[in-house]
Amino acid sequence: MFKRHSANGHAAYHDLKRALMDEAVSEVRGTPTSVVRDGRTYWYDTYRVGSQVRKRYIGLESAELLARLSRHDALKLDREERQSNRARLVRLIRAEGFLGVDGTTGSLLSALAGAGVFRLGGTVVGTHAFRLYEGEIGVRFAFDQTAMTGDIDIASFEHLSLALEDKAQPPITDVLGEFSFDPVPSLDAGKVWRWRQTRNDLYVEFLTPSFRDEEDLRALPALGVSAQSLHYLNYLIADPVPAAALYRNGVLVQIPRPERYAVHKLIVADRRKGGDMLKSEKDRQQAAFLIEVLADDRPDDLGEALREAKANGPRWAAHLDASLKRMPETAARLALL
């Protein structure tokens, strides 16, 4: 049975996340303008540098973003007060026993956020995303194999990266170089999707959904890197949510929706073969934990996510069924949705 954080701790986390989202909009330098592409509305900060007009991507239109943009001038005036308030909120959240991130991971996420990785569509996936659900759903995570950290995986849609017409600055390769990450050569000459930090044996990997038979390397122009394409990843990173990483005064990133993460882990657990059996077990443990919580708190969201995955075809359903055969308690919970 899972344990919940206090109402005060959960509220403080969401206050921190809102403050970080306010801070992002307060950085608008010029006039917010919108562009419609393929039926979706993208907002940009349009400003002049000398005789040149430049555009910096802000985000995909939503009611929350529009509300923030309507008061971006006011948000600019409160930066120092908000920074102090964020520091207070982080102290409160840590005192509640929330898992933070280690200094290496936190400083790297902060640098990647500063370069625009998450603003430009990058989504943290894997165990680092799982740990951040502690704040999103307000439950306590134990220090066990389920929540132990590993490589930093960042996923993004190729078509979004092409559509944004904006790029990370400074370049991601420069950011990773400053943290002593070296590119790991791939079989495709000139294409790099993994970086390794030798002193910690830590990897940063970039991923993108595959919509073809092969899982090849694809370009992410907005991030200036190549990415390993993977089947089923499009389901995971559709409609991600903002999250606050507990480092210094907070770092704004984005992660998959928890119900999609849980269902996707069931699929991935069955896809792993050979030497990945330990990872498969970790996948099932993470899925089981989230499903236990979400079946209580967000049963409609969880049920919809499961039905959507099954509707994607027989291979999806087969992977789900294979994992759930090994997880009778989790299968019983899902059967009630």
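These notes cover the structure that comes with them. (Residues numbered from 1 in each chain as written. Predicted model: local features only at pLDDT ≥ 70, side-chain atom pairs only at ≥ 80, totals over all residues. Heavy atoms only, no water.)

1. Overview of the pattern of salt bridges
Here the structure, examined in full by the defined rule, presents 24 salt bridges. Among the salt bridges present, the one from arginine 298 reaches glutamate 136, with a minimum N-O distance of 3.5 Å. Separated by 162 residues along the polypeptide, arginine 298 in the loop between α11 (277-297) and α12 (299-311) and glutamate 136 in helix α6 (residues 127-137) bring together distant segments of the chain. Judged by its relative accessible area of 24%, arginine 298 is partly exposed. (Salt bridge = Lys/Arg side-chain N within 4 Å of Asp/Glu carboxyl O. Helix = DSSP H or I, 4+ residues; strand = E, 2+ residues; numbered from the N terminus. Buried < 20%, exposed > 50% of the residue type's maximum accessible area, 1.4 Å probe, protein only.)

2. Looking at the environment of leucine 77
Mapped onto the elements, leucine 77 comes out in helix α3 (residues 72-77). Residues leucine 77 and serine 26, 51 residues apart in the sequence, show an inter-C-alpha distance of 8.4 Å.

3. Considerations on the sheet that holds strand β2 (residues 40-49)
Pairing in this open sheet of three strands is antiparallel, and the strands run β1-β2-β3 from one edge to the other. Pairing within the sheet leaves two strands with one partner each, and these edge strands are β1 (31-37) and β3 (52-60). Between one strand axis and the next, the sheet turns through 35° on average, direction left out of account. Bridge count for β1 against β2 is seven bridges, and the pairing is antiparallel. By the bridge assignment for β2, valine 35 is matched with tyrosine 42. (Pairing = 2+ DSSP bridges. Axes fitted to C-alpha atoms, helices over the stretch in contact; angles between N-to-C directions.)

4. Thoughts on the nonpolar core
Formed by 89 residues in total, the largest nonpolar core has its most connected members in Ile172, Phe206, Ile255 and Leu290. For this core, the element with the highest residue contribution is α11, accounting for seven residues. Here phenylalanine 206 is in contact with Ile154, Ile172, Leu176, Trp193, Trp195, Leu223, Val225, Ser226, Ala227 and Gln228, once residues within four sequence places are set aside. (Core = buried A, V, L, I, M, F, W, Y, C linked by side-chain atoms within 4.5 Å. Contact = heavy atoms within 4.5 Å.)

5. Points about empty space enclosed by the protein
Within the structure shown, the criterion is met by two cavities of 30 Å³ or more. Volume-wise, the largest cavity comes out at about 80 Å³. If you trace the largest cavity, you find it lined by Leu99, Gly100, Val101, Leu109, Val124, His128, Arg131, Leu132, Ala245 and Leu246. At three residues, α6 tops the list of elements feeding residues into the lining of the largest cavity. A per-class count over the lining of the largest cavity returns seven nonpolar, two polar and one charged. Looking at the second largest cavity, its volume works out to about 50 Å³. Lining of the second largest cavity is provided by Tyr13, Phe98, Leu99, Arg131, Leu132, Glu134, Gly135, Ala244 and Leu246. For the lining of the second largest cavity, the leading source of residues is α6, giving four residues. (1 Å grid on protein atoms, 1.4 Å probe; cavity = no way out; pocket = protein on both sides within 12 Å on 5 of 7 lines; lining within 4 Å. Points joined across faces, edges and corners; volume = space filled by probe spheres on them. Nonpolar A, V, L, I, M, F, W, Y, C, P; charged D, E, K, R; others polar.)

6. Some points on the packing of helix α10 (residues 258-271) against α11
Relative to each other, α10 and α11 sit at 150°, their axes nearing to 8 Å. As far as their axial angle goes, α11 and α10 are roughly antiparallel. The handedness of the crossing between α10 and α11 is left-handed. Here Pro258, Glu259, Tyr261, Ala262, Lys265, Leu266, Val268 and Ala269 of α10 lie close against α11, whose contacting residues are Ser280, Asp283, Arg284, Gln286, Ala287, Leu290, Ile291 and Leu294. (Parallel < 35°, antiparallel > 145°, perpendicular 65-115°, else oblique. Left-handed = near helix turned anticlockwise from the far one by under 90°.)

7. A few points about the pairing of strand β12 (residues 251-255)
Counting buried positions along β12 gives four out of five residues, so the element sits mostly inside the fold. The sheet contact formed by strand β11 (residues 241-245) and β12 spans five bridges and is antiparallel. Residue pairing across strands places valine 241 opposite isoleucine 255, the latter belonging to β12. Hairpin connection of β11 to β12: five residues between the antiparallel strands, including arginine 248 at a positive phi of 50°.

None of the figures reported here should be taken as evidence of function without further support.
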